[in-house]
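Here's the letter readout for the chains.
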Amino acid sequence: MKPCRTARVLPSIPAVTLAAGLTLGGCTSAPADHGARTVSSPRWEEGAGAPEAAAFMKVQIPRGATEVKGAVRVQPQENVYLLSFVTTERTAQEITEDLHPDYPLAAGGPSSSSLSGQGFEHLDLTPPQELTNVRTTSACPPCAGDSRRRHVQAVEIHIAATSGDRVRVYLTAY
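Residues numbered from 1 in each chain as written. Predicted model: local features only at pLDDT ≥ 70, side-chain atom pairs only at ≥ 80, totals over all residues. Heavy atoms only, no water.

Draft legend 1. Structural view of the pairing of strand β6 (residues 166-173). Of all eight residues that make up β6, seven are buried, and the element is covered over most of its length. Strand direction decides the pairing type here: strand β5 (residues 155-163) and β6, joined by eight bridges, are antiparallel. Residue pairing across strands places His158 opposite Tyr170, the latter belonging to β6. Counting the residues between successive antiparallel strands, the hairpin from β5 to β6 contains two residues, one of them, Gly164, with a positive phi of roughly 60°. (Buried < 20%, exposed > 50% of the residue type's maximum accessible area, 1.4 Å probe, protein only. Helix = DSSP H or I, 4+ residues; strand = E, 2+ residues; numbered from the N terminus. Pairing = 2+ DSSP bridges.)

The structure is reproduced here in structure tokens:
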């Protein structure tokens, strides 16, 4: 007996219909009563700097810190907060410990940075991933039960030696 052609075609009809519906539905324009996003993303939030980044990360900019810089990059999914300053080695260690890192600061070659990308260039700083002898770690505040930072998904921490006992701290969070 010959197999029925219809039996082989019928199971694929719902999948084809769904794909066509998603394709056509994605091309329709939004109704007039729904606000269309007119701001291009990603972009740098005007007027947002170190105070806004520090507030988001719940980090105190240390007394005596120099070259304090910050920015907020507005992106479609979530904003990225950048904060950098020069401070003492001891203060940098205390800030790192307060962020409850996933692992100890590790020294190595050029550092990677999945969050900041070229963001620190926006602040006229050499990005940490272009420096050698940078110690780096990361923190997941929700994973560590850090209730002060439960709204922060991740923090990248980079510490680069500058001169004497001074280091540049790079913090990136979203």
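Draft legend 2. Examining the sheet that holds β5 more closely. Spatial strand order, β1-β2-β3-β6-β5-β4: six strands in an open sheet with antiparallel pairing. Looking at which strands have only one partner, the edges of the open sheet turn out to be β1 (43-44) and β4 (134-139). As judged from the six bridges shared by strand β2 (residues 66-74) and strand β3 (residues 80-88), these two strands associate in the antiparallel manner. Paired with Ala71 across the two strands is Leu82, which belongs to β3. Contacting β3, β4, β5 and β6, helix α4 (residues 89-98) crosses the sheet at an angle of about 145° to β3. (Contact = heavy atoms within 4.5 Å. Axes fitted to C-alpha atoms, helices over the stretch in contact; angles between N-to-C directions.)

Draft legend 3. A look at the environment of Leu131. Mapped onto the elements, Leu131 comes out in the loop between α5 (119-122) and β4. Separated by 29 residues in sequence, Leu131 and Ala160 place their C-alpha atoms 7.7 Å apart.

Draft legend 4. Main features of α4. Among all positions in α4, only Thr91, Ala92, Ile95 and Thr96 are buried. Summarising the axial view, the buried residues of α4 lie within an arc of 140°, below the 170-degree limit, and thus occupy one face. Facing away from the buried side of α4 by over 90 degrees, the exposed positions are Arg90 and Glu97. Against β3, β4, β5 and β6 lie the buried residues of α4. Where α4 terminates, the next one or two residues include His100, which has phi positive at roughly 55°. (Arc of directions from axis to C-beta.)

Draft legend 5. Representation of the pattern of salt bridges in the model. Under the definition given, this model contains seven salt bridges. In this structure, the salt-bridge partner of Arg90 is Glu94, at a minimum N-O distance of 3.3 Å. Taken together, the residues Arg90 and Glu94, both in helix α4 and four residues apart, mark about one turn of the helix. Judged by its relative accessible area of 43%, Glu94 is partly exposed. A salt bridge links Asp146 to Arg148, with the shortest nitrogen-to-oxygen separation between them at 3.6 Å. Because the salt bridges share partners, they merge into one network encompassing Asp98, Asp146, Arg148 and Arg149. (Salt bridge = Lys/Arg side-chain N within 4 Å of Asp/Glu carboxyl O.)

Just distances and angles here, no functional claims.
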